[in-house]
Amino acid sequence: MPTSMPDIANQSAAQHEGELDWVGMSEIEVPIMIAAKDENERAVSARVEAFVNLTQAKAKGIHMSRLYLLLDQLSTEGSLTKESLAQLLNDFIESHEELSDKAFVKFTFDYHMRRRSLISGKQGWKAYPITIIGYFADGKITTEMQVDVPYSSTCPCSAALARQLIQQAFANKFGDEGALDAKQVKQWLGTTEGIVATPHSQRSVAEVKVKLADEVTEFPIIDLVDAVEQALQTPVQAAVKREDEQEFARLNGQNLMFCEDAGRRLKHTLNQVAGYLDFWIRVNHYESLHAHDAVSVSTKGIAGGYRAY
């Protein structure tokens, strides 16, 4: 067995000289403990991207195993917090002294939350896709968090058209009568003839990304999910009894939304949170009327901040 092994990254020159913006690995599978605000640590299965830049034009490459081992150490010996995220990025840079001065890491995982039904009080699990990003450049660390929240959206235009048909059906049924019998009208309204049309609604998803202020010391996963669901009022449900389904129908009827309405609700809500320095919102209504989707995109609108695209 040879006494020393070749080290191509250190001993070979680049075939073509030039700096590279990012070099590293993606789709790294690791279990990791995540510490979210107001909850105990829990294990999640994450997919990770880990990168550093390459500032030395003549260098053959970076040391990818060093990035992987630092990530593995966090997975086996620590937990993901804002503090440990910052330390990981610093360690990426220190492990590539004279090669790199920027670092990037992204964790993507599902975060399961117990959610209570609307009326019956039953509980069930809902999984929310979460992305946490750390970025080190110019001596400063930036932390971002994204959550995808599913909800139901009912079309205001479709609702108005359905109401018109119901009015027409009522006129056809009772238009020539004098005094109406309330019991008869009530009974008629409980038939398919009475409610002759219903508006279309669809499952929708709000993708919300926020840039966390330095004073935010814990990942506000639950806070952000709650804020989105409270703004929209029609989150998809887990455990559902008939009384919950009826309340869900009422909430949809009282919260008619185009994608523009949903986007503006979320923008207003996030503007009230001082801990979010910037935000990016994409609302996706997966239409049941059309084969295409209705989408709105908005940002906080600060100079040098997130761009819509």
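These notes cover the structure that comes with them. For clarity, every value in this text was computed on a predicted model and none was experimentally measured. (Residues numbered from 1 in each chain as written. Predicted model: local features only at pLDDT ≥ 70, side-chain atom pairs only at ≥ 80, totals over all residues. Heavy atoms only, no water.)

1. A look at the packing of aromatic side chains
The tally for this structure, following the rule as stated, stands at 6 aromatic pairs. Ring centres of Trp22 and Phe104 lie 5.9 Å apart, and the angle between their planes is 50 degrees; this geometry places the pair in the tilted category. Within this pair, whereas Trp22 is found in strand 1 (residues 20-34), its partner Phe104 is found in strand 3 (residues 103-116), the two being separated by 82 residues in sequence. A network of ring pairs unites the aromatic residues Trp22, Phe51, Phe104 and Tyr135 as a single cluster. Taking NZ or CZ as reference, Arg42 lies 4.1 Å from the ring centre of Tyr111, over its face. Here the basic side chain of Arg114 rests over the ring of Trp125, its NZ or CZ set 5.0 Å away from the ring centre. (Phe/Tyr/Trp six-rings, centres within 6.5 Å; stacked < 30°, edge-to-face > 60°. Helix = DSSP H or I, 4+ residues; strand = E, 2+ residues; numbered from the N terminus. Lys NZ or Arg CZ within 6 Å of the ring centre and 35° of its normal.)

2. Description of the side chain of His96
Summarising the element assignment, His96 is placed in the loop between helix 3 (82-94) and strand 3. For His96, a relative accessible area of 0% translates into the label buried. Setting aside residues up to four positions removed in sequence, His96 forms contacts with Val52, Ile62, His63, Arg66 and Leu67. (Buried < 20%, exposed > 50% of the residue type's maximum accessible area, 1.4 Å probe, protein only. Contact = heavy atoms within 4.5 Å.)

3. Some thoughts on the environment of Lys300
Position of Lys300 relative to the elements: it lies in the segment after strand 8 (294-299). Residue class for Lys300 comes out partly exposed when judged on its relative accessible area of 24%. Placed 30 residues apart in sequence, Lys300 and Leu270 show a C-alpha to C-alpha distance of 8.4 Å. With sequence-adjacent residues up to four places away left out, Lys300 is seen in contact with Asn271, Tyr276, Leu277, Asp278 and Phe279. Among the polar contacts made by the side chain of Lys300, one reaches the side chain of Asn271 at a distance of 3.0 Å. (Polar contact = N/O pair within 3.5 Å; in protein donor to acceptor, adjacent residues only side chain to side chain.)

The quantities given are spatial measurements derived from coordinates; they are silent on function.
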